[in-house]
Structures are given as C-alpha cells and as structure tokens.
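Coordinates in review
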Amino acid sequence: MLKDAMGGYRGTAVEISRVILAEPDNADAYCNRANALSSTGDYESAIGDYTTALKIGLRFREAITAYGNRGIARLNVGDIYGALEDFSEIIERKPGNRRLLYAAYHSRASVKEKIGDKEGAAEDIKEASMLLPNVL
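Residues numbered from 1 in each chain as written. Predicted model: local features only at pLDDT ≥ 70, side-chain atom pairs only at ≥ 80, totals over all residues. Heavy atoms only, no water.

Each helix and strand in the protein was counted, giving eight helices and zero strands. For the protein, the sequential pattern of α-helices and β-strands runs α-α-α-α-α-α-α-α. Compactness check: the protein gives a C-alpha radius of gyration of 16 Å against a globular reference of 14 Å for 136 residues, within 12% of the reference. Total accessible area on the protein is roughly 7,900 Å²; 51% of this is exposed by carbon and sulfur atoms. The centroid of the 18 positive side-chain charges in the protein is displaced by 3 Å from the centroid of its 20 negative side-chain charges. (Helix = DSSP H or I, 4+ residues; strand = E, 2+ residues; numbered from the N terminus. Rg over C-alpha atoms; globule rule 2.2 N^0.38 Å. Areas by Shrake-Rupley, 256 points an atom, 1.4 Å probe, with all protein chains shown as cover. Lys, Arg positive; Asp, Glu negative; His and termini not counted. Charge placed at Lys NZ, Arg CZ, Asp CG, Glu CD.)

Right, let's get into the pattern of salt bridges. One pass over the structure, following the stated rule, counts nine salt bridges. Put simply, D49 and R33 hold a salt bridge, and the shortest N to O gap is 2.5 Å. Taken as a pair, D49 in helix α4 (residues 43-56) and R33 in helix α3 (residues 27-39) lie far apart in primary sequence, 16 residues in all. Here D49 matches R33 in class, with each residue buried. R70 serves as the salt-bridge partner of D86, at 2.6 Å between the closest nitrogen and oxygen. Residue D86 is located in helix α6 (residues 80-93), and its partner R70 is located in helix α5 (residues 60-76); the two are separated by 16 residues in the primary sequence. The exposure class of D86 is buried, given its relative accessible area of 1%. Looking at R70, the relative accessible area reads 9%, which means it is buried. Through salt bridges with shared partners, a single ionic network connects R70, R74, D79 and D86. (Salt bridge = Lys/Arg side-chain N within 4 Å of Asp/Glu carboxyl O. Buried < 20%, exposed > 50% of the residue type's maximum accessible area, 1.4 Å probe, protein only.)

Turning our eyes to something else, we now look at unusual backbone geometry. With a phi angle near 50°, K94 is a residue other than glycine that sits in the positive phi range. Within the element layout of this structure, K94 appears in the loop between α6 and α7 (98-114). For K94, a relative accessible area of 62% gives the class exposed.

Right, let's talk about the packing of α3 against α4 for a bit. Two elements in contact, α3 and α4, have axes separated by 8 Å at closest approach and are oriented at 160°. Here α3 is positioned roughly antiparallel relative to α4, judged by the angle of their axes. Between α3 and α4 lies a crossing of left-handed hand. The residues of α4 that touch α3, namely those facing A27, Y30, C31, R33, A34, N35, L37 and S38, are Y43, S45, A46, D49, Y50, T52, A53 and I56. (Axes fitted to C-alpha atoms, helices over the stretch in contact; angles between N-to-C directions. Parallel < 35°, antiparallel > 145°, perpendicular 65-115°, else oblique. Left-handed = near helix turned anticlockwise from the far one by under 90°. Contact = heavy atoms within 4.5 Å.)

Distances and angles like these do not, on their own, reveal function.
As structure tokens, then:
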C-alpha cells in the first residue's frame, strides 16, 4: 500500500503476482493487481485480471467496483460495447449506494452517446438525475 501511495504501482503488481502464484484462486489479489496495472496504463492486462477476479468470485461490493473499473479500462482500449456491458451489469445488480448507481448510469449514458443511442443516453441521464437530483 505504501508503494501505491508513492506511485510505485509496478512493484505492487509484481508483489501481488507472488500472492497469485501462491493462491491462484484469490479473486481479491487479481482485482488488486488489476487496479495496479490500470494505474500504470496497462489496461489490457488489467481487463484480464478484472475478468479473472469476477470469474473466481468477488463479494458484491468488490464485484460492483470491478465492473466499473473494467468498464473504464475497456473504454481506454476502445472496447465501447464491453464498457457498455460492464456499466449495465452494475445497474442490473442495483447496488444500494446511490452515488455508485448514479455513476454507472452516467457512464453508460456517455457510452450510449458515443455509439449514437441518443434516446438511451437521455434515458440514463434521467435515471441518474432521479437518484441524485442536486448533482445535475
């Protein structure tokens, strides 16, 4: 965690890789390494680790975060439809955190706008504004 705070993400990814070698079914380790890789701009590897973590199984809150982070990483590599799937998955799971759900609707609206779905984007913005009316 100290290396993360000091910007030493690559070292962190290497250290987390050791945990993964020792515990290949540790979903949290894959998710943590994905976060470290994403922070360094290695989005492709991060996407792979988020996917592995989700397949192994994360607790609800961590899974929601992983979908959001993977969606952002997918946007960074140009996988618009993959990002759309991830933001939609968050919305389908209906997390109780209104800010998180707001962010998912807002992110999905941005993606829908990029693919030309203006009606869908407007609908998502409307949903987001109902969750946090004072933000928009």
